[in-house]
Structures are given as structure tokens and as C-alpha cells.
Amino acid sequence: GAGVSQSPSNKVTEKGKDVELRCDPISGHTALYWYRQSLGQGLEFLIYFQGNSAPDKSGLPSDRFSAERTGGSVSTLTIQRTQQEDSAVYLCASSPQYEVNTEAFFGQGTRLTVV
Amino acid sequence: QQQVKQSPQSLIVQKGGISIINCAYENTAFDYFPWYQQFPGKGPALLIAIRPDVSEKKEGRFTISFNKSAKQFSLHIMDSQPGDSATYFCAASISSGGFKTIFGAGTRLFVKA
């Protein structure tokens, strides 16, 4: 596709269940970010992948959160034992980091609701 | 040192007025300063960006002013319109070496008709 694709667009889950959120970045983009955005709030950085380097996990709020990026392309954000405070929009972005223009292209997000 | 501080948190402007959003940074290695615009239900999208070799960049009604010595940059929206109502994020990054982009906390702009 032409842009960053995230799935599902909406997810409602019961407290305590695990969820997986998927991000398909723009082809060829070496950098991939996950952010969390609570209602009306700013972008909370979660994790950053850059090529084959070790990911920057400094933003993950707890060990219930993890992310993988397979083959330098698709990424999955997993939240285990979901809590109500995990309810938010999860945004993925990719960037051609090694080029002069380091614009980040965002997906539409996955709205997660934990009930 | 990696933070980008953005203000105000929210802003209400009359139609036709000037909206001004300010950002400040510490890391002098930053060399790319984009602004992103986010409408409800959408992901942020690049609006305008500047590099520190110029002090101002203008695209239509949107202008970035950059003060390298003060380590500050600002977004000015001239003749603000209700359609400009959105959340605006400033950001900073280093264009080489795989450094991640750092975002400000965002400013919610509401333009009154």
C-alpha cells in the first residue's frame, strides 16, 4: 500500500486478555515507531525500531508491553493482561531514517478499549 | 536533553487571527524540525518543516520561525480558519545516524468562526 497500515482499526477487549496490534510500514522505511495517545493527549513514545539495530524500548510503560519487527518490515505490538488504563489509540509511524528527509508517516491508529 | 517542550497546551483563536505555537529544545545536534497536524480520528501528518540553516520558512498561511541561538522555534498560522482546528505537534530529530524523532506534547488549537 501507499501508506502505513494498522490493524485492527478498533479493538474492544476484556480486562486481563492479551491483544496484538499490527503495523505494516511503508516499504523500504528503515525506522518504525509505536506511540500511544490517550483521549485528547499528546504522543507517548513506546518503542523505536531502526534497521537491524537493537530497538529503543525506553518508552514501554511496563513488562506487559512488547513489540517485534519481523524481517525489518511488519511490526506487532503485544499487550498482555490488558488493564483499563491501556485504553488509548495506538499509532504506528515509519520513516526513511537514513535519508535527508526524516518525515514520519503515521498510520490511522488502532483504538483499543479495555472493558 | 532529549525533550522538546511545547506551549501552549491549548489555544483558542478568532477566525482571521494569528495562531502562534512555541517549542524549545536542548540538544544542539538536532537538525530537522517538523510540525505535524492531527485531526480527530486521524494520525498526525507532516505540515511544514525547517532545517537550522534558515531562520524562517513559509508555506501558504503557515510559517516556521527558527531561533538557533535561543534553541526555539515556532509555528505561526496567519488568517486562522476554523478548518485549522486540530492538534499540532512540533518535533526534532537528527537526520543521520538513525536518531529517533522527538515530539512535543501537542497544542490543541480551536479557531472560532
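What you see is a predicted model, and the numbers here were worked out from it, not measured in a lab.

Q: So what exactly am I meant to see when it comes to the state of the cysteines here?
A: Defined simply, a disulfide is a covalent bond joining two cysteines at their sulfur atoms. All names here are of chain A. Tallied over the entire structure, the rule returns two disulfides over all chains. Here Cys23 connects covalently by a disulfide to Cys92, the sulfurs 1.9 Å from one another. Measuring handedness by torsion sign, the sulfur bridge of Cys23 and Cys92 sits at about -65 degrees and is left-handed. With a gap of 69 residues between them, Cys23 in strand β3 (residues 19-24) and Cys92 in strand β8 (residues 88-95) connect regions that are remote in the sequence. Taken individually, Cys23 and Cys92 each receive the classification buried, so the pair is uniform in this respect.

Q: For this particular structure, what's the right way to read the environment of Lys112 of chain B?
A: All names here are of chain B. When you line up the elements, Lys112 lands in strand β11 (residues 107-112). Expressed as a C-alpha distance, the spacing of Lys112 and Gly83, which sit 29 residues apart in the sequence, is 9.8 Å. Lys112 has contacts with Ile12, Val13, Gln14 and Lys15, leaving out every residue within four places of it along the chain.

Q: Is there a simple way to explain the interface of chain A and chain B in this structure?
A: By a frequent convention, interface size equals the accessible area lost on bringing the separate parts together. Each partner contributes residues to the interface: chain A has 24 residues there, and chain B has 21 residues. Applying the counting rule to chain A against chain B returns three residue pairs in polar contact (both at pLDDT 80 or more).

Q: Teacher, can you tell me more about the sheet that holds strand β1 (residues 4-7) of chain B here?
A: All names here are of chain B. Strand order across the open sheet formed by five strands is β1-β3-β8-β7-β6, with antiparallel pairing between neighbours. With partners counted over all chains shown, the strands left at the sheet margins are β1 and β6 (56-59), one partner each. Neighbour-to-neighbour, the strand axes of the sheet open up by a mean angle of 15 degrees, direction not taken into account. For β1 and strand β3 (residues 19-25), the ladder comprises four bridges, and the chain directions are antiparallel. When the sheet's bridge partners are listed, Val4 is paired in β3 with Tyr25.

Here is what the cut-offs are and how they apply
- Each chain has its residues counted from 1, running along the sequence as written.
- Lettering for chains starts from A, numbering for ligands starts from 1, and both go in the order in which the items are written.
- Owing to the predicted nature of the model, reporting of local features is limited to residues with pLDDT of at least 70; listing and counting of side-chain atom pairs is limited to 80 or more, with chain, interface and lining totals taken over all residues.
- Side-chain numbers come from the whole structure's heavy atoms, not from hydrogens or water.
- Cysteine sulfur atoms that come within 2.5 Å of each other are treated as a disulfide pair.
- By definition, any uninterrupted DSSP run of H or I lasting at least four residues is a helix, any uninterrupted run of E lasting at least two residues is a strand, and each is numbered from the N terminus.
- Throughout this description, buried means an accessible area under 20% of the type-specific maximum (1.4 Å probe, protein chains only), exposed means over 50%, and partly exposed covers the range between.
- Note on contacts: a residue pair qualifies if any of its non-hydrogen atoms lie within 4.5 Å across the two residues.
- Identification of polar contacts relies on pairs of N or O atoms within 3.5 Å, with a donor-acceptor requirement for protein atoms, meaning one able to donate a hydrogen and the other able to accept it, and with residues adjacent in sequence counted only if both atoms are side-chain atoms.
- Here, strands pair whenever DSSP counts at least two bridges between them.
- Helix axes are fitted to C-alpha atoms over the stretch in contact, other axes to C-alpha atoms as well, and angles between N-to-C directions run from 0 to 180 degrees.

None of this, on its own, says anything about what the molecule does.
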